Amino acid sequence: MGFFCSEEMDLCMLLLHVENAFDCLMELGHYGGMQFNNVFDEDHILNGLYTKGVVLCSDLLRIVDYLEAQLKHADIKEVYYADVDTKHRPRESNILQYDRKLRRVYEEATSVIEHVTTLERRYNYMIEKSFALSNANEFLEVKRNSKAELVYTESSIIHLLRDQSEGEGHSSQLNYILGSIHVEKFRAFELLIYRFYGRNVLVRHTESPTTSTSSTGQEREMPPKYVVLLMTTAAAFRHKLLKICQAFHVVIFECPESPTQRMLMIEQLAKDINDLELVLGETRKAHKRLLTIIANDLYIMRINLRKSLRVYDLLNRLHPIGSLENKKHLQVECFTPKMLIDDVRRVLNNGIHATGDEEKYTAPLLIKRSRPLRHMPPTYFQLNKFTQGFQNLIDAYGIADYRELNPAPYTIITFPFLFAIMFGDMGHGILLTLFACLMIFEEKRIEQVNRTTVSENEIRNILYGGRYIILLMGIFSIYIGFIYNDIMSKPLNLFGSSWSCVYNETTVLGLTSQLTLDSNDPKFYTGDPYPIGVDPIWKISGEDAITTFNSLKMKLAIILGVSQMMFGLTLSAVNCIHLNRKADLFLVVIPLFIFMICLFCYLVFLIFFKWLMYGGLKQPPYNSACAPSVLITFIDMMLMKSTELEVKTCLQGMFVNERILEYALVFVAFAMVPVLLAGKPIYLTCRQRQLMKHRRKSQDTEELHRSSRNTIKEMRSSLRYTIDFEESDRRSVPKLNTLDDALEFDMSEIWIHSGIHTIESVLGSVSHTASYLRLWALSLAHCQLSDVLWNMVLEKGLKNKLPIYAGVPILTAAFFIWSILTVAILVMMEGLSAFLHTLRLHWVEFQSKFFNGAGEPFHTFYFPPSTIRS
C-alpha cells in the first residue's frame, strides 16, 4: 500500500544528548525519514545553545565564498569529490579543524593580496612616473635624423612667459610641476589654472598608458589619466599651484631641472620596474600555490559547512530539558513513517557509533506518542525512479490527503494510453521510444553530468525526470498506431484486406464518377473483419476514410471518457470505505454512480449495440443503411421524443421496448438529483438533533461542542475527503458564542455547499464527457498533418521523374525537410500538445471524481545529493 495509499505516520518524540546530537542529526540528514514539527515556525523561540555554531559556520562559509572568488579569478578549478556524501561526512570535531585551516589560509591569502596590492600600486606609480618624465623630455626636444635638437629652450620659454607678465618681476629660472590627473577632472583643472594665472602658466598634457590591477580578486583596468606638465617663471606661483593640484588629486612626480638628470632618473626607474616585476611575479606565484593547495579541500569544506549550518540551526530550535545550568538533553516532536521507524533508530545510533560515545553519553531515543493528533499528518509515498515521474504529475496538481487513494498508480497506465489515442502512429511512437531508451541507457552519465556541470540545464532535467513517462508514451503510441494501422501516415497490409475490387480494367478506365465498393455485396466485402486494427483499405478511401475515422474515433473518445470517469467514481467509493465515510458513500457517491450509469453508460451501451447488431452483409433492418445515429437516439432520449425514419423498412428503435427503457433511465437519473441535493444535509440535521437531545440529558457541554464540530466537519466533507482530528484549524471557522448559533450558521453553509456540489456534479458529467472528445479531435489533426507532410514534401521527391543526377539531390532534400518537419512538428509540437491535453483530462475529468489533493507533503530533514553547484 506504500504507493496506492500514503504510508501510515507515527507521531514520535525524539530525545537527544547535547554532546552527540550533532552527529546523530548529521547521519539522519543523509538518510531522511523524519519530519520535525513546528520547529521552523516564525514565532518559534530558539534555545540559544548552538548560536555560536550557527555564527561560526556562517563566518566560515563567508571565507569559503571569498576563496572561491579568488580561485575563479586565478582560473583554478576546485577538486570535485563524488563521494563527499559518503566518505567525507562531517563530525562536530571537524568544524574546529575547518575553522583553524580556513582562518589560517584566509589570513595568508589576505596578507598576500595586501602585499600584491602594495606592489601593484608602486608598480603603476613607477610606470606613470617614467612615462611622465619621458614626455617631459619629448616636449622640450624632438628626434630628427637621429640627432636630438631643442624645440624650445628654457630661455625661449622664459621669454614667452615674461611677455605675459605685464610688468611683474620674474626670475630667470623656469619652474616645473609634473604629475598625473584623472581624465574627467582635467578640463576643470585646466580651466581653473587659466582663470587664476592666465597665460603666466603653461599647461601641457598627454594620455597616460592604461594600467590594471588584480589585487581585489578580479582583473580590472584603472581609470584613464593624463600626464600634465605645468611651467612658470614665477616661483611664488609654485605653492599655490601645488594647492590646486592637491585639490584635484593630482599625483606629483619629482622632475629634475636638467635633461641629463631626467634621463638618469628614467634609466633608474626602468631598472626598478624590472626588479619590481620579478618580485610581483613571484608574489603572484606564491598566491597561486596557496590557492592550489586550498582547492583540494575547499569543495568538501563548503558542502560540509552548509550541512553543519543546517544541523546547528535545527539544534538551536529544539526544546532543551533540564535546569538553566544543566541542559543536557534536547527533545522534539516529529513524524516518521511507520515502516521506517526501525531504520531511523538505526541511523540515529550510527551517529554515536561513529564518534565512539555510545558508552559515555545517552543514546538517542525515539518514542512513539499516543496523544491525539492536532493536525493532519504529512503524506509520504514510497517511490522509485520509475514511479517518481508519475507522482510528480500528481503532485503538480495537489498533494494527496493523508491515507487518501493515490491517483499515480492508475496514471501509469491511463496517462500514456490516452496520450497514444491522440498521438497514435507507429513511426512517431518509435521515435519517442528510442529517445526515452537513450536517456535510460545513459542514466549514469546524465546524472554525473548534472552533478558536475556548473550551469543547470532545466530542459534536460525535465526530460530526464520524465524519461519513463516518455518511454510508456512511445510504447503505447506504437500499440495504438498498430490499431490505427498508421505508420508515418501509411497503412500496413499484414493480414490481407477484407475488401476486394472486382471491376475490370475497362470498367475502371471508363469511370466518370468515384469508384464505390458496396459493403452489402459479398463480392466486395467478405464479412470477416480485419484481425487486428483497421483494414488498410480505409487509408486509400479518400473522403470515406475521413468519415469512417471520424465516427470511429469519436465513439472511442466517448467510451474511454465514460470508462475513466466511472473508474474515478469507483475509486471514490473505495475512498469512502477506506476512510469510513458511510454518509458520503450512500448519499453522494452511489447516487452519482446511478446517475452516470443511467445516462452515459447507456450511451456507451448503444455504441456497442450498434457495432454488434448492424453492419454489412446483414439483412434489413440490421444492414448498414438502417443503422440509427447514436447521437440522435441519445438526444431523443433526453428530450423524450421520437424522430421519424427516412427508410420505412427500418426499425423505430435498436431493440424492442427501447423507448420505455430510456424513459425509465431518465426518470431514475433525475431522481438522483434530489438525493444529491438534500440527502446529506437532511442526514446531518437528524444527527445534530440527536446531539441536542443528548445535551438535555447529560448537560455535558464540552462533549457536545466536540461532537458538534465533528458533525460540521462531516457536513463539509462531501466528496472532499479529509481526516478528522481532535483539533482542526480554527482560523477558517468564525468564533461563535453558542451551539445554537453554530448550528444555524453551519447548516446554512452546508445547504449552500450541497447545492453547489449537486450543480457541479450534474453539469460536470456532461461537460467532462464532452471534454473527452479532444481525444478524437487531436487524433484526427495528428493524422491529417502526417498526411500533409508525406504528400506535400516527401512524395514530391519520391515521384520526381528527373534524371538521376538531379533526382537524387531533390529526393535527399525532400527527405531532409520531411524528417526535420516530422520531428519538429509532429513529434515535438504535437507531442507536447497531446501531453498537455492528457494532463488536463487527468487533473480535471478523472481526479475530480475522487481526489482531494489538499494534503501536506512530507518535509523530511534530508541532505540532497551534493553537486558541484551546491
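Calculation rules
- Residues numbered from 1 in each chain as written.
- Predicted model: local features only at pLDDT ≥ 70, side-chain atom pairs only at ≥ 80, totals over all residues.
- Heavy atoms only, no water.
- Phe/Tyr/Trp six-rings, centres within 6.5 Å; stacked < 30°, edge-to-face > 60°.
- Helix = DSSP H or I, 4+ residues; strand = E, 2+ residues; numbered from the N terminus.
- Buried < 20%, exposed > 50% of the residue type's maximum accessible area, 1.4 Å probe, protein only.
- Lys NZ or Arg CZ within 6 Å of the ring centre and 35° of its normal.
- Pairing = 2+ DSSP bridges.
- Axes fitted to C-alpha atoms, helices over the stretch in contact; angles between N-to-C directions.
- Contact = heavy atoms within 4.5 Å.
- Parallel < 35°, antiparallel > 145°, perpendicular 65-115°, else oblique.
- Nonpolar A, V, L, I, M, F, W, Y, C, P; charged D, E, K, R; others polar.
- Disulfide = S-S within 2.5 Å.
- Expected span 1.5 Å × (residues − 1).
- Arc of directions from axis to C-beta.
- Left-handed = near helix turned anticlockwise from the far one by under 90°.
- Salt bridge = Lys/Arg side-chain N within 4 Å of Asp/Glu carboxyl O.
- Core = buried A, V, L, I, M, F, W, Y, C linked by side-chain atoms within 4.5 Å.
- Patch = residues over 30% accessible without salt bridge, like charges linked within 9 Å, V, L, I, M, F, W, Y side chains within 5 Å.
- Areas by Shrake-Rupley, 256 points an atom, 1.4 Å probe, with all protein chains shown as cover.
- UniProt positions renumbered as here; feature names shortened; annotations may be inferred.

**Side note on the packing of aromatic side chains**
Line of reasoning, step 1. Within this structure, the stated rule accounts for 35 aromatic pairs.
Line of reasoning, step 2. Where Phe609 meets Phe655, the ring centres are 5.5 Å apart and the plane angle is 75 degrees; that geometry is what we call edge-to-face. Taken together, the residues span a long stretch of sequence, with Phe609 in helix H18 (residues 582–613) and Phe655 in the loop between helix H19 (630–639) and helix H20 (658–698) at a distance of 46 residues.
Line of reasoning, step 3. Phe655 gets classed as partly exposed once you look at its relative accessible area, which sits at 23%.
Line of reasoning, step 4. Sitting above the plane of the Tyr464 ring, Arg467 keeps its charged end 4.0 Å from the centroid.
Line of reasoning, step 5. The side chain of Lys553 reaches across the aromatic face of Tyr484, ending 4.4 Å from its centre.

**Some details on unusual backbone geometry**
Line of reasoning, step 1. The backbone of Asn38 sits at a positive phi, close to 60 degrees, despite the residue not being glycine.
Line of reasoning, step 2. Looking at the secondary structure, you find Asn38 in the loop between strand E2 (35–36) and helix H2 (51–73).
Line of reasoning, step 3. Take Asn38: its relative accessible area is 45%, and that puts it in the partly exposed class.
Line of reasoning, step 4. Positioned with a positive phi, Asp75 is a non-glycine residue whose angle comes to about 60 degrees.

**Structural notes on the sheet that holds strand E5 (residues 175–182)**
Line of reasoning, step 1. Read from one edge of the open sheet, four strands run E6-E9-E5-E10, paired in antiparallel fashion. Each end of this open sheet is capped by a strand with a single partner; those strands are strand E6 (202–207) and strand E10 (251–253). With direction set aside, neighbouring strand axes in the sheet form an average angle of 25 degrees.
Line of reasoning, step 2. In the sheet, E6 pairs with strand E9 (residues 225–232) via six bridges, with the strands oriented antiparallel. When the sheet's bridge partners are listed, Leu202 is paired in E9 with Met231.
Line of reasoning, step 3. Those strands touched by helix H5 (residues 183–197) are E5, E6 and E9, and its axis lies near 145 degrees from that of E5.

**Some remarks on the packing of helix H11 (residues 408–423) against helix H23 (residues 774–798)**
Line of reasoning, step 1. Relative orientation of the contacting elements H11 and H23 amounts to 45 degrees, with a least axis distance of 6 Å. With respect to H23, the element H11 is oriented oblique. Here H11 contributes Leu418, Ile421, Met422 and Phe423 to the contact with H23, which in turn contributes Arg774, Leu775, Leu778, Ser779 and His782.
Line of reasoning, step 2. In the contact of H11 with H23, the residues fall into six nonpolar, two polar and one charged.

**Quick word on the state of the cysteines**
Line of reasoning, step 1. With the rule as written, the count across this model stands at one disulfide.
Line of reasoning, step 2. With its sulfur 2.0 Å from that of its partner, Cys626 forms a disulfide with Cys650. The chirality of the disulfide connecting Cys626 with Cys650 is left-handed, given an S-S dihedral of about -70 degrees. Within this pair, whereas Cys626 is found in the loop between H18 and H19, its partner Cys650 is found in the loop between H19 and H20, the two being separated by 24 residues in sequence.

**What to know about helix H15 (residues 467–484)**
Line of reasoning, step 1. The terminal C-alpha atoms of H15 lie 25 Å apart, and with 18 residues this matches the ideal 26 Å at 1.5 Å per residue to within 8%.
Line of reasoning, step 2. Within H15, 13 of the 18 residues are buried, leaving the element largely enclosed by the surrounding structure.
Line of reasoning, step 3. Asn485 sits one or two positions beyond H15 and adopts a positive phi of about 55 degrees.

**What to know about helix H6 (residues 235–247)**
Line of reasoning, step 1. Within H6, burial applies to Phe237, Leu241, Ile244 and Cys245. Along the axis of H6, the buried positions cluster into a sector of 100 degrees, meaning they face one direction only. Summarising the geometry of H6, the exposed residues directed more than 90 degrees from the buried face are Ala236, His239, Lys240, Gln246 and Ala247.
Line of reasoning, step 2. Elements in contact with the buried residues of H6: E5, H5, E9 and E10.
Line of reasoning, step 3. Immediately downstream of H6, the backbone of His249 shows phi near 55 degrees, a positive value.

**Some thoughts on the packing of H2 against helix H7 (residues 259–295)**
Line of reasoning, step 1. Two elements in contact, H2 and H7, have axes whose closest approach is 10 Å; the angle formed by their N-to-C orientations is 120 degrees. As far as their axial angle goes, H7 and H2 are oblique. Of the two elements, H2 crosses H7, and the hand of that crossing is left-handed. Counting all contacts with H2, which are made through Leu67, Gln70 and Leu71, the residues of H7 involved are His287, Leu291, Ile294 and Ala295.
Line of reasoning, step 2. Looking at the contact of H2 with H7 residue by residue, the class counts come to five nonpolar, two polar and no charged.

**Some remarks on the pattern of salt bridges**
Line of reasoning, step 1. Inspection of the entire model under this criterion finds 26 salt bridges.
Line of reasoning, step 2. Put simply, Arg104 and Glu108 hold a salt bridge, and the shortest N to O gap is 3.6 Å. Taken together, the residues Arg104 and Glu108, both in helix H3 (residues 92–140) and four residues apart, mark about one turn of the helix.
Line of reasoning, step 3. The closest approach of N and O atoms between Arg659 and Glu662, which form a salt bridge, is 2.3 Å. With Arg659 and Glu662 both in helix H20 and three residues apart, the pair spans about one turn of that helix. Each member of the pair, Arg659 together with Glu662, is buried.
Line of reasoning, step 4. One network of salt bridges, with partners in common, ties together Glu8, Lys338 and Arg403.

**A closer look at the nonpolar core**
Line of reasoning, step 1. Counting residues in hydrophobic clusters, the biggest one holds 73 residues, and the most contacted among them are Phe595, Leu599, Met637, Tyr772 and Leu775.
Line of reasoning, step 2. Ranked by residues supplied to this core, first place goes to H18 with 12 residues.
Line of reasoning, step 3. Membership of the second largest hydrophobic core comes to 57 residues, among which are Val84, Leu290, Ile294 and Leu315.

**Things to note about the side chain of Thr769**
Line of reasoning, step 1. Considering the arrangement of structural elements, one finds Thr769 in helix H22 (residues 739–771).
Line of reasoning, step 2. Using a relative accessible area of 5% as the deciding quantity, one classes Thr769 as buried.
Line of reasoning, step 3. Dropping the residues within four chain positions of it, Thr769 is found in contact with Ile558, Val562, Met565, Phe600 and Gly764.

**Details of a nonpolar patch on the surface**
Line of reasoning, step 1. Nonpolar side chains collect at one region of the surface, where Leu431, Val823, Met828 and Met829 lie side by side and expose about 380 Å² of accessible area between them.
Line of reasoning, step 2. Relative to the elements of secondary structure, Leu431 occurs in helix H12 (residues 426–441).

**Re the UniProt feature "transmembrane region" (unreviewed entry) in the chain**
Line of reasoning, step 1. As annotated by UniProt and renumbered to match this structure, "transmembrane region" (unreviewed entry) occupies residues 417–441, 462–484, 556–578, 585–609, 663–686 and 802–829.
Line of reasoning, step 2. Overall, residues 462–484 shows 96% helix and 0% strand. The separation of its end C-alpha atoms is 30 Å.
Line of reasoning, step 3. Its end C-alpha atoms 34 Å apart, residues 802–829 is made of 93% helix and 0% strand.

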